[in-house]
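So the chains spell out like this:
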Amino acid sequence: MPTQQEIQLLNETLFEQLDTPGMQKQAIDAVNDFTRTKMREDGFYRRIMPPLTITNDELDRQVDTDKPVKIVDKEPDSPAAVSIPFATLPTNFYIRGPRYRVMFDRIVSPRAVKDVDELRTYVMDIRQVLSDNMIKDMLAEEDGKFMTAINAVLPTAGAPAVGSGEVQYEEIYGGITRETLVDALKVMPRTASHFEVETCLVNNLTIKELLKFGREEMGGDFSQDIIKNGWAETNFLNCRWIVTIKTGLVPTDSLFMFASPKFIGKNYELEPTTMYIRREAYMLEYFAYETTGGSFGHTNGLARVDFK
Amino acid sequence: MAAPDLPFEHAVDIKKGWFDMASLDYSAKLGTVGYTVPRGRVVHLEHVAGKEVFLPGVRTTDVAIFLLNGANDADVANDGTTASGKFVQQAISPSGKLSGVVATGGYEIDSTEFDSELSYVAGDLLTAPTGASSGDAATGGVLTNDGVTQFVTPVVGVVSSGKHTNHNGVYTLSFWSVWLPGAVPG
């Protein structure tokens, strides 16, 4: 934790950089270092589907648009092998590989405007103030788009999922117990793809139900540890558990399950999170932006259970 | 496969007044519309089920918004099924939002989305009829000077240099954006 003197020194350094012609880039870099760290820590979409950097050379040009598009190959299905008697030839199939498209858009924070003389009176780390509010908005937007897409694939409990045609959203009665949790983990492997759950996403209220597990239910000292220290991120049921405070996106008593990202789709980052800062005379303006694109190419790696 | 649509076949060029960080634009998702809304169409903002959406054309007091994006643009939509309903992908992005410039801003606009059968002279008032059903595809949000009466019909623009064929060989109409509410439902 920096001291107040250190924080004021940081603020002065930032102002000095903004004051010097041609030094805006350095000021932007100072904020960018911090921005990227927070982004990795906080967004659950980025943790479930880590962003892959994509360059101009990797984009696929289109006839009807000059906007960035990436085409991704999908593993093709193939006819099953069969047993045949001797002197019989195999049937033919022509190789056709499916593909899907990833398209991009920009996420931008609101643009903040402030008189620099009013900023001088702050004793907090001004760089953190500048970036935190922006990042919170952008993370909420990223996670919101991710959950909107999941809800589009898994619209209703008991209904077939879009794409796979198999039920991957179920309601399980009996609350959250060892038995119902294990039953939840069967939903995804039951599909034709047989994926195993790699990551579980719940909100910070749902996870507290696990604190109620006794020694015999949770397993030995783990129960003691979480009742003493609370839930810390750990592997549980051979899955990585991500806990979010975004209860508006991840409802209480709902469990979202994800296979390895390579079975789900792509999350591309064309323009990493960038903080734009400009000062004109005594007015400072700043905003953050990024360009990303994502698609689910295969939906068997998504599942949801609501505990009742 | 549907014939590709070139980027300039349906478009608005903002000849004056955009872009600048202070330019007045607006973004929202499209409401329920029975046809593919191209770039350049005029829309207005409406609240449907508590959410802001764009719908084609303008009613009495609606402020016109000239779409920079079409509903099928690569940064707006990534439809995930084939014509027969087979799954291709489910988009996480783009989000479905379209963007446009607001008529109260000071713009001179060159748009492909106008009734090119009519004649236009400088000073003509322009409106854009509403219409979101599939039968309105040719007229919903399309600029016209037909039957426009000052202070009665909602006005979205005033013709500047008028109708011409642009450098891409596409008919366009140049006009200044204005906002003049109508007195009766448009």
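1. A look at the overall build of chain B
And step 1. What chain B contains, in helices and strands, is zero helices and 11 strands.
And step 2. Taken against the 2.2 N^0.38 rule, which gives 16 Å for 186 residues, the C-alpha radius of gyration of chain B at 16 Å falls within 12% of a compact globule.
And step 3. Dimensions along the principal axes, computed over C-alpha positions, put chain B at roughly 50 × 40 × 35 Å.
And step 4. Counting all 186 residues of chain B, 42% fall into the buried class.
And step 5. Contacts in chain B between residues far apart in sequence, at least 24 positions, make up 70% of those at least 6 positions apart.

2. Things to note about the overall build of chain A
And step 1. When helices and strands are counted, chain A shows eight helices and 12 strands.
And step 2. Every one of the 308 residues in chain A was classed for burial, and the buried ones make up 31%.
And step 3. Put simply, 76% of the contacts in chain A that link residues at least 6 apart link residues at least 24 apart.

3. Quick word on the pairing of strand S6 (residues 199–203) of chain A
Residues and elements named next belong to chain A.
And step 1. Burial analysis of S6 places four of its five residues in the buried class, the great majority of the element.
And step 2. With five bridges joining them, S6 and strand S8 (residues 239–244) adopt parallel strand pairing. Paired with Cys-200 across the bridge in S8 is Trp-241.
And step 3. In this sheet, strand S9 (residues 254–258) lies alongside S6 in antiparallel orientation, the contact comprising three bridges. The residue bridging Leu-201 from the neighbouring strand is Phe-256, located in S9.

4. Some words on the interface of chain B and chain A
And step 1. Facing the 17 residues of chain B at the interface are 25 residues of chain A.
And step 2. For strand S11 (residues 283–296) of chain A and strand S6 (residues 90–91) of chain B, the ladder comprises two bridges, and the chain directions are antiparallel. Along S6(B), the bridge assignment pairs Phe296(A) with Gln90(B).

5. So, the nonpolar core
And step 1. Counting residues in hydrophobic clusters, the biggest one holds 46 residues, and the most contacted among them are Ile150(A), Met257(A) and Leu302(A).
And step 2. When residues of this core are assigned to their parent elements, the largest contribution, five residues, is made by helix H5 (residues 126–153) of chain A.
And step 3. Taken together, domain 1 (4–76 + 97–145 + 270–294) and domain 2 (155–266 + 297–307) of chain A each give at least three residues to this core, which thus spans both.
And step 4. In contact with Ile150(A), not counting residues within four places along its chain, are Phe256(A) and Leu302(A).
And step 5. In terms of nonpolar packing, the next biggest core, distinct from the first, is built from 36 residues, Val43(B), Phe54(B), Ala77(B) and Leu98(B) among them.

6. What to know about the sheet that holds strand S7 (residues 235–236) of chain A
Residues and elements named next belong to chain A.
And step 1. In spatial order, the strands read S5-S12-S9-S6-S8-S7; together these six strands make up an open sheet with mixed pairing. Across the chains shown, the open sheet's two edge strands, defined by having one partner strand only, are strand S5 (169–172) and S7.
And step 2. Where S9 meets strand S12 (residues 302–307), five bridges bridge the pair, whose relative direction is antiparallel. For Phe-256, the partnering residue across the bridge sits in S12 and is Arg-304.

7. Considering unusual backbone geometry
And step 1. Trp18(B) connects to Phe19(B) through a cis peptide bond whose omega is -5°.
And step 2. Looking at the secondary structure, you find Phe19(B) in the loop between strand S1 (12–16) and strand S2 (25–30).
And step 3. Omega for the bond connecting Ser93(B) with Pro94(B) falls within 30 degrees of zero, at 0°, which places this linkage in the cis form.
And step 4. Positionally, Pro94(B) belongs in the loop between S6 and strand S7 (97–102).
And step 5. Backbone geometry places Ala87(A), a non-glycine residue, at a positive phi of 65°.
And step 6. In this structure, Ala87(A) sits in the loop between strand S2 (69–73) and strand S3 (99–108).
And step 7. Residue class for Ala87(A) comes out exposed when judged on the 5 C-beta atoms lying within 10 Å of it.
And step 8. Positive phi, close to 60°, is recorded for Asn238(A), a residue that is not glycine.
And step 9. Structurally, Asn238(A) can be placed in the loop between S7 and S8.

8. Thoughts on the domain arrangement of chain A
Often, the extent of an interface is quoted as the loss of accessible area upon association of its parts.
Residues and elements named next belong to chain A.
And step 1. If you check the domain split of chain A, you get domain 1 (4–76 + 97–145 + 270–294) and domain 2 (155–266 + 297–307).
And step 2. On the domain 2 side, the residues contacting the 13 residues of domain 1 number 13 residues.
And step 3. Secondary-structure elements contributing two or more residues to the side of domain 1 that touches domain 2 are helix H3 (44–48), S3 and H5.
And step 4. When residues in the side of domain 1 that touches domain 2 are grouped by element, the largest group, three residues, is from H3.
And step 5. Class assignment of the residues belonging to the side of domain 1 that touches domain 2 gives a composition of eight nonpolar, two polar and three charged.

9. A few points about the sheet that holds strand S10 (residues 155–165) of chain B
And step 1. The antiparallel open sheet is built from five strands, whose spatial order is S1-S8-S11-S10-S9 (chain B). Each edge of the sheet is formed by a strand with only one pairing partner; in this case those strands are S1 and strand S9 (125–126) of chain B.

10. Some thoughts on the confidence of the model for chain A
Note that predicted coordinates carrying low pLDDT should not be read in detail.
And step 1. Predicted confidence across chain A gives a mean pLDDT of 86, with 85% of residues reaching 70 or more.
And step 2. Note on residues 33–40 of chain A: pLDDT is under 50 here. Beyond four places in sequence and across chains, it has 17 contacts.

11. A short note on the confidence of the model for chain B
And step 1. In the predicted model, chain B carries a mean pLDDT of 94, and 97% of its residues have values of at least 70.
And step 2. The ipTM, which scores confidence in the relative placement of chains, is 0.82 for this predicted complex, and the corresponding pTM is 0.85.

12. Structural notes on the environment of Ile48(A)
All names here are of chain A.
And step 1. Within the element layout of this structure, Ile-48 appears in helix H3.
And step 2. Judged by the 22 C-beta atoms lying within 10 Å of it, Ile-48 falls in the buried class.
And step 3. Separated by 48 residues in sequence, Ile-48 and Arg-96 place their C-alpha atoms 30 Å apart.
And step 4. Residues within four places of Ile-48 in sequence aside, it is in contact with Thr-199, Leu-201, Ile-242 and Phe-258.

Conventions adopted
Residues numbered from 1 in each chain as written. Chains lettered and ligands numbered in written order. Predicted model: local features only at pLDDT ≥ 70, side-chain atom pairs only at ≥ 80, totals over all residues. Helix = DSSP H or I, 4+ residues; strand = E, 2+ residues; numbered from the N terminus. Rg over C-alpha atoms; globule rule 2.2 N^0.38 Å. Buried ≥ 20, exposed ≤ 12 C-beta atoms within 10 Å, placed from the backbone. Contact = placed C-beta atoms within 7 Å. Pairing = 2+ DSSP bridges. Core = buried A, V, L, I, M, F, W, Y, C linked by C-beta atoms within 7 Å. Domains from an automatic or database assignment. Nonpolar A, V, L, I, M, F, W, Y, C, P; charged D, E, K, R; others polar. pLDDT = per-residue confidence, 0-100.

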